[in-house]
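Descriptive analysis of the structure
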Amino acid sequence: MNNLKLVHTLFLFLGIFMSTYGFSASMPLDAIPQDEVYADTEPIEKRHFDDFKDKYSGDEFIYERTINNSGWWTRFKQWLTDVFRSLFSINSDAKAADITDLVLKIFYVVIFILVVFFIVKAVLNKEGKWVFGKSSEKSIIPVTDIESNIHEADFKSLIASAEKDNNYRLAIRYYYLWLLKQLSQKGVIEYDVEKTNSDYYYEITSKNIKDGFSYTSYLYNYIWYGEFDIDQNQFNKAKTAFHLFFESVKP
């Protein structure tokens, strides 16, 4: 038993000795042989670069972008962000930038709605051809108003003005509205801007008037809605047909 205690005591002292003076101690510097240390005594060569700043001054060598060297759109958005930040006393640049993005999105939507609105309005005003490329006749718009006020319109003056401008299609349009005006005044039809040629045709009871109306309606549909360009000779033939019809409906 005493021998066992003695062995434990020896191992204890041995461990203390090794931890203090053994493997944990580093070799002192003066123990390194001096002949193993190499000292570089060669002269240092100083290198020179010609036109260094000129060669590396292009945009491709700018790695940090600032507002000043950014595009106009970025500068505009930054300016708008600064305005919102100052206007609403916003302390965060990120929040001000979010407001700017939201305002710009709303602006894009409003512009899109306005464009769609004007296109639809032009189509409803029978100017769709002007919107989509082909030039339309500017005189179509007043005709739309005249349709609602045929009893106050001076068709002789309107036709004379259209003929002077060689706008024969428009002149035929006026002739047809003038025809409806006379039939309405004589009680042959009841004029309504929403009615069609067929509606008027079935209202007419007289066979002679119905036949004449059928032919003049054909000329009107062919020339006006068919959008065929007619020359003066063709116009004169259609004009004669309308005048003959006017004579037939006189009392």
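Worth saying up front: this structure is predicted, and the values here are computed from it rather than measured.

Core analysis: the largest hydrophobic core is formed by 36 residues, its most contacted members being Phe-155, Ile-172, Leu-179, Leu-180, Leu-183, Phe-213 and Phe-245. Of all elements in the fold, only helix H7 (155–164), helix H8 (168–185), helix H10 (207–225) and helix H11 (232–248) reach the threshold of two or more residues within this core. With residues near it in sequence (within four places) discarded, Leu-183 still touches Val-188, Ile-189, Ile-204, Ile-209, Phe-213, Phe-245 and Val-249.

Within the secondary structure, Asn-236 sits in helix H11. In the structure, Asn-236 is positioned 68 residues away from Tyr-168 in sequence and 9.3 Å away in space, judged by C-alpha atoms.

For the pair H8 and H10, the least separation of the axes is 9 Å and the interaxial angle reads 150 degrees. When the axes of H8 and H10 are compared, the pair comes out roughly antiparallel. As for how H8 packs across H10, the hand of that crossing is left-handed. Together, Arg-169, Leu-170, Ile-172, Arg-173, Tyr-176, Leu-179, Leu-180 and Leu-183 of H8 and Ile-209, Phe-213, Thr-216, Ser-217, Tyr-220, Ile-223, Trp-224 and Tyr-225 of H10 make up the contact between the two elements. For the contact of H8 with H10, a count of residues per class yields 12 nonpolar, two polar and two charged.

A few words now on H11. Its 17 residues place the ends of H11 24 Å apart at the C-alpha level, agreeing with the 24 Å of an ideal helix rising 1.5 Å per residue. Its buried side turned inward, H11 meets H7, H8 and H10. The N-cap residue of H11 is Asp-231: its side-chain oxygen and the backbone nitrogen of Asn-233 are 3.2 Å apart.

Moving on, we come to unusual backbone geometry. Where the residue is not glycine, phi is negative for most of them; where a peptide bond is considered, it is trans in most cases. Even without glycine at this site, Ser-89 takes up a positive phi of about 55 degrees. Within the element layout of this structure, Ser-89 appears in the loop between helix H3 (72–87) and helix H4 (93–124). Of note, the phi angle at Asn-166 is positive, near 60 degrees, even though the residue is not glycine. Position of Asn-166 among the secondary structure elements: in the loop between H7 and H8.

How each quantity is defined
- Residues numbered from 1 in each chain as written.
- Predicted model: local features only at pLDDT ≥ 70, side-chain atom pairs only at ≥ 80, totals over all residues.
- Heavy atoms only, no water.
- Core = buried A, V, L, I, M, F, W, Y, C linked by side-chain atoms within 4.5 Å.
- Buried < 20%, exposed > 50% of the residue type's maximum accessible area, 1.4 Å probe, protein only.
- Helix = DSSP H or I, 4+ residues; strand = E, 2+ residues; numbered from the N terminus.
- Contact = heavy atoms within 4.5 Å.
- Axes fitted to C-alpha atoms, helices over the stretch in contact; angles between N-to-C directions.
- Parallel < 35°, antiparallel > 145°, perpendicular 65-115°, else oblique.
- Left-handed = near helix turned anticlockwise from the far one by under 90°.
- Nonpolar A, V, L, I, M, F, W, Y, C, P; charged D, E, K, R; others polar.
- Expected span 1.5 Å × (residues − 1).
- Polar contact = N/O pair within 3.5 Å; in protein donor to acceptor, adjacent residues only side chain to side chain.

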